[in-house]
Amino acid sequence: MVSSCEIPLVAPSPAHICPFDQACSYLEQAAKELNLERGLLELLRHPRKVITVSIPVKRDNGEVEVLAGHRVQHCDILGPYKGGTRYHPAVTLQEVSALAMLMTWKCALVGLPYGGAKGGIAIEPKFYSVGELERITRRYTTELIKDIGPSEDIPAPDMGTSAREMAWMMDTYSMNVGHAVPGVVTGKPISIGGSRGREMATGRGTMIVVREALADIGKSLAGARVVIQGFGNVGAAAAILMHQAGAKIIAVSNADGGLYSDIGLDIPALKDYAAQNDKNIVGYPNAIPISNAELLTLSCDVLVPAALENQITEKNAHQVDATIVAEAANGPVTLEANEILEARGITVLPDILANAGGVVVSYLEWVQGLSYVFWDEDRVNREMELLMVQAYRQVIQQSEQRHIPLRLAAYTLGVGRVAQALHDRGLYP
Ligand SMILES: NC(=O)C1=CN([C@@H]2O[C@H](COP(=O)(O)OP(=O)(O)OC[C@H]3O[C@@H](n4cnc5c(N)ncnc54)[C@H](O)[C@@H]3O)[C@@H](O)[C@H]2O)C=CC1
Ligand SMILES: O=C(O)CCC(=O)C(=O)O
């Protein structure tokens, strides 16, 4: 077992669950299943490059604050590093390292020619003005200028960032190199080479794999009772698309609390309410307020954690009352909780599959940019759906052939493809 001290500890993770140790444990399980050699396992668990930079920012009141920014490049065996940029107070180097490793397996699982990376800055974005966020993003990008690029490492949005931050990153990078380089980031605005469909892509991918998993047990999204934790980019998109497919979204939440309605929430109305109330959903009139803890134990067909890591732990996994848990967030179910859910016969659609729609459309954005040909949204959605359904089917097949749960099946596919590429490139015997 790799020790967390191999990755410098910046701050303990919120629930004292080391995300990097967890990621390594899943890797070890996959390596065991695949009979990978110890040396190869060692190679795969060490990130290739770990970057921490200081970001001095002048606040609007004139004070200077120095933030820590990270970018971890885990593996580039299959292609350029790829992964989002997170702005959240709980960001640590351990967390970013774990998320970078997840990106490697995710890209390999869905068949993208990318490696894995992740970036992050430990800030609560809502405590910073737009001007301050722009200065932070531009300085962070400048510090990473030699490490990112359309053939090197391609950042994208993650928690707390969006197309706006990607536009600032693209502009800063382009000014530094002297010409416009749209391909340095994905998830950027359409006006500067972004792809149609990227904003909804992660939630759409989740909807697609949930739809397939329900179909496999003779059910459908129409009429399914769905609970979603997180009403940001991913959670809100999943809610809208599942609602459109006829699901009853009986509860949603954000960081401030949740809402419940037994007859199903009016998701378009809730989306409008959030847009008019600075992304807040608490206070929406046509629902019963509930806590995030209550939300995770509601009786439903599908539970979609779409916020943070470590939300379902050994403490509440016994109370989860869902047929399917679809990990739209990265790492929302801990290792121990995963074992409890699997033992209870609950289907866990693992993050590297259930939230891969985002990086799939990032890839499609990159491909469109490189070929200077831009597609309409239907085409983007069709291409994404093909890759998502194919990955889902491969995971099911792997699970059935090897008699292993879906997470291990997904990991063996992702890790196995990277190991094969290492071998074929002559980098490992
Ligand atoms: N944005 C993307 O394209 C992708 C995001 N993801 C993952 O999806 C998850 C959510 O990301 P985004 O939707 O982009 O972030 P976001 O910043 O747009 O939204 C996050 C949502 O989670 C809520 N939240 C935060 N803390 C919470 C808590 N303690 N309890 C309940 N809700 C809480 C926030 O209020 C907000 O509604 C993250 O794990 C991220 O890594 C995964 C793949 C791609
Ligand atoms: O779109 C991307 O490149 C990466 C998205 C991401 O960070 C993730 O899938 O966790």
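Residues numbered from 1 in each chain as written. Chains lettered and ligands numbered in written order. Predicted model: local features only at pLDDT ≥ 70, side-chain atom pairs only at ≥ 80, totals over all residues. Heavy atoms only, no water.

A.B. asks: Explanation requested: the sheet that holds strand 6 (residues 225–229) in the structure shown.
C.D. replies: Think of a sheet as strands paired side by side through backbone hydrogen bonds, with each pair either parallel or antiparallel. A sheet is described by the order of its strands in space; here seven strands give the open sequence 9-8-7-6-10-11-12, paired in mixed fashion. Pairing within the sheet leaves two strands with one partner each, and these edge strands are strand 9 (288–290) and strand 12 (347–349). Going across the sheet, the axis of each strand differs from the next one's by a mean of 25°, ignoring polarity. The strands that helix 7 (residues 233–244) touches are strand 6, strand 7 (248–254) and strand 10 (299–305); relative to strand 6, the one it contacts most, it runs at about 165°. (Pairing = 2+ DSSP bridges. Helix = DSSP H or I, 4+ residues; strand = E, 2+ residues; numbered from the N terminus. Axes fitted to C-alpha atoms, helices over the stretch in contact; angles between N-to-C directions. Contact = heavy atoms within 4.5 Å.)

A.B. asks: What's the story with the sheet that holds strand 5 (residues 153–157) in this structure? I'm lost.
C.D. replies: Spatial strand order, 1-2-4-3-5: five strands in an open sheet with mixed pairing. Sheet topology places strand 1 (49–58) and strand 5 at the edges, where each strand pairs with a single neighbour. Averaged over all neighbouring strand pairs, the angle between strand axes comes to 20°, with direction disregarded. Pairing of strand 1 with strand 2 (residues 64–75) involves ten bridges; the strand directions are antiparallel. When the bridges of strand 2 are listed, isoleucine 55 appears paired with leucine 67. Helix-sheet contacts for helix 5 (residues 163–177) involve strand 3 (81–87) and strand 5, and the interaxial angle to strand 5 is about 150°.

A.B. asks: Which parts of the structure should I look at to understand the site of ligand 1?
C.D. replies: Taken together, 22 residues surround ligand 1, and among them Arg86, Asp158, Thr202, Asn233 and Asn330 come closest. Residue alanine 307 places a main-chain N or O atom 3.0 Å away from an oxygen atom belonging to ligand 1. At 2.9 Å, a side-chain N or O of asparagine 330 approaches an oxygen atom of ligand 1. Protein chains bury 85% of the 820 Å² of accessible surface belonging to ligand 1 in isolation. Mapped onto the shell around ligand 1, the elements with two or more residues apiece are helix 6 (198–216) and helix 7. (Near = heavy atom within 4 Å. Polar contact = N/O pair within 3.5 Å; in protein donor to acceptor, adjacent residues only side chain to side chain. Areas by Shrake-Rupley, 256 points an atom, 1.4 Å probe, with all protein chains shown as cover.)

A.B. asks: Hey, could you run me through the packing of aromatic side chains in this one?
C.D. replies: The geometry of two aromatic rings is summed up by the distance between their centres and the angle between their planes. Per the stated rule, a full pass over the model turns up five aromatic pairs. With a centroid separation of 5.5 Å and an interplanar angle of 45°, the aromatic rings of tyrosine 26 and tyrosine 411 are classed as tilted. Taken as a pair, tyrosine 26 in helix 1 (residues 19–33) and tyrosine 411 in helix 14 (residues 406–424) lie far apart in primary sequence, 385 residues in all. Per residue, the accessibility class of tyrosine 26 equals that of tyrosine 411, and both read buried. (Phe/Tyr/Trp six-rings, centres within 6.5 Å; stacked < 30°, edge-to-face > 60°. Buried < 20%, exposed > 50% of the residue type's maximum accessible area, 1.4 Å probe, protein only.)

A.B. asks: In this structure, what is going on with the packing of helix 13 (residues 377–402) against helix 14? I would like to understand it.
C.D. replies: Direction vectors running N to C along helix 13 and helix 14 enclose 105°, while the axes themselves pass 8 Å from each other. The angle between the axes of helix 13 and helix 14 places the two elements in the roughly perpendicular class. Taken together, the residues of helix 14 that come into contact with helix 13 (itself represented by Gln394, Val395, Ile396, Gln398 and Ser399) are Leu406, Ala409, Ala410, Thr412, Leu413 and Arg417. In terms of residue class, the contact of helix 13 with helix 14 is built from six nonpolar, four polar and one charged. (Parallel < 35°, antiparallel > 145°, perpendicular 65-115°, else oblique. Nonpolar A, V, L, I, M, F, W, Y, C, P; charged D, E, K, R; others polar.)

A.B. asks: Even after reading the chapter, I still don't get the side chain of serine 253, so can you show me in this structure?
C.D. replies: Along the chain, the position of serine 253 falls in strand 7. In this structure serine 253 touches Ile228, Gln229, Gly230, Phe231, Gly258, Ile281, Asn292 and Leu295, once residues within four positions along its chain are discounted.

A.B. asks: Any chance you could explain the site of ligand 2 here in plain terms?
C.D. replies: Around ligand 2, a shell composed of 13 residues is seen, among which Lys82, Gly84, Lys106, Lys118 and Ser362 lie nearest. Taking arginine 198, its side chain carries an N or O atom lying 3.0 Å from an oxygen atom of ligand 2. At 3.0 Å, a side-chain N or O of asparagine 330 approaches an oxygen atom of ligand 2. Within the complex, 96% of the 300 Å² of free accessible area of ligand 2 lies under protein. Those elements that provide at least two residues to the shell around ligand 2 are strand 3, helix 3 (93–109) and helix 12 (357–371). Of the residues assigned to the shell around ligand 2, the class counts are three nonpolar, five polar and five charged.

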